[in-house]
Amino acid sequence: MNTTERKKQLFETDYVLWDKANDRLLSFSNGEVIIYGDREEAEEDCYGNEYVTKCTDLPLHHQEELLNQINK
């Protein structure tokens, strides 16, 4: 019996706040990256050097970080 587990993926409708200057994603105090389900909510939390960015538009190292987080 094959029990292949389906991996979750990133969607164009998921957003994060990315501090490009420091190459960091906004995270909770436990270190998990905050993933927003809509752009407007992300924009409300956006400050300073942060940019609202689609998860699928992030550099690959950040996409891998998010995939590891949502698939653990």
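Before reading on, note that the structure itself is shown above.
Quick caveat, the model's predicted, so the values are computed rather than measured.

A.B. asks: How would you explain the nonpolar core if you had to name every residue and give the values?
C.D. replies: Core analysis: the biggest nonpolar cluster contains eight residues, these being Leu10, Val16, Trp18, Leu25, Val33, Cys55, Leu58 and Leu66. Setting aside anything within four residues of it in sequence, one finds Val33 in contact with Val16, Leu25, Leu26, Ser27, Phe28, Glu65, Leu66 and Gln69. Counting six residues, the second largest nonpolar core, distinct from the first, contains Ile34, Tyr36, Ala42 and Val52.

A.B. asks: Explain the sheet that holds strand E2 (residues 24–25) residue by residue, including any values.
C.D. replies: Pairing between the strands of a sheet comes from backbone hydrogen bonds, and it takes one of two forms, parallel or antiparallel. Sheet architecture is open: three strands sit in the order E2-E1-E3, paired in antiparallel fashion. Among the strands making up the open sheet, the edge pair consists of E2 and strand E3 (50–54). With five bridges connecting them, strand E1 (residues 15–19) and E3 associate as antiparallel partners. Looking across to E3, one finds that Trp18 is bridged to Tyr51.

A.B. asks: Which residues make up the pattern of salt bridges, and what values go with them?
C.D. replies: The full count for this structure, using the stated rule, is three salt bridges. The partner of Lys54 in a salt bridge is Glu12, and the shortest N-O contact between them spans 3.9 Å. Remark: Glu12 occurs in the segment before E1 and Lys54 occurs in strand E3; sequence separation between them is 42 residues. Judged by its relative accessible area of 52%, Glu12 is exposed. A salt bridge links Lys72 to Glu32, with the nearest nitrogen and oxygen atoms 3.2 Å apart. Highlighted residues: Lys72 in the segment after helix H2 (60–70) and Glu32 in the loop between E2 and helix H1 (39–44), separated in sequence by 40 residues. Residue class for Lys72 comes out exposed when judged on its relative accessible area of 74%.

A.B. asks: Tell me about the side chain of Asp19, and please be specific about residues and values.
C.D. replies: Mapped onto the elements of the fold, Asp19 is located in strand E1. At a separation of 2.9 Å, a polar atom in the side chain of Asp19 contacts the side chain of Asn22. When residues no more than four places from it in sequence are discounted, the contact partners of Asp19 are Arg24, Asn49 and Glu50.

Quick notes on the rules
- Residues numbered from 1 in each chain as written.
- Predicted model: local features only at pLDDT ≥ 70, side-chain atom pairs only at ≥ 80, totals over all residues.
- Heavy atoms only, no water.
- Core = buried A, V, L, I, M, F, W, Y, C linked by side-chain atoms within 4.5 Å.
- Buried < 20%, exposed > 50% of the residue type's maximum accessible area, 1.4 Å probe, protein only.
- Contact = heavy atoms within 4.5 Å.
- Pairing = 2+ DSSP bridges.
- Helix = DSSP H or I, 4+ residues; strand = E, 2+ residues; numbered from the N terminus.
- Salt bridge = Lys/Arg side-chain N within 4 Å of Asp/Glu carboxyl O.
- Polar contact = N/O pair within 3.5 Å; in protein donor to acceptor, adjacent residues only side chain to side chain.

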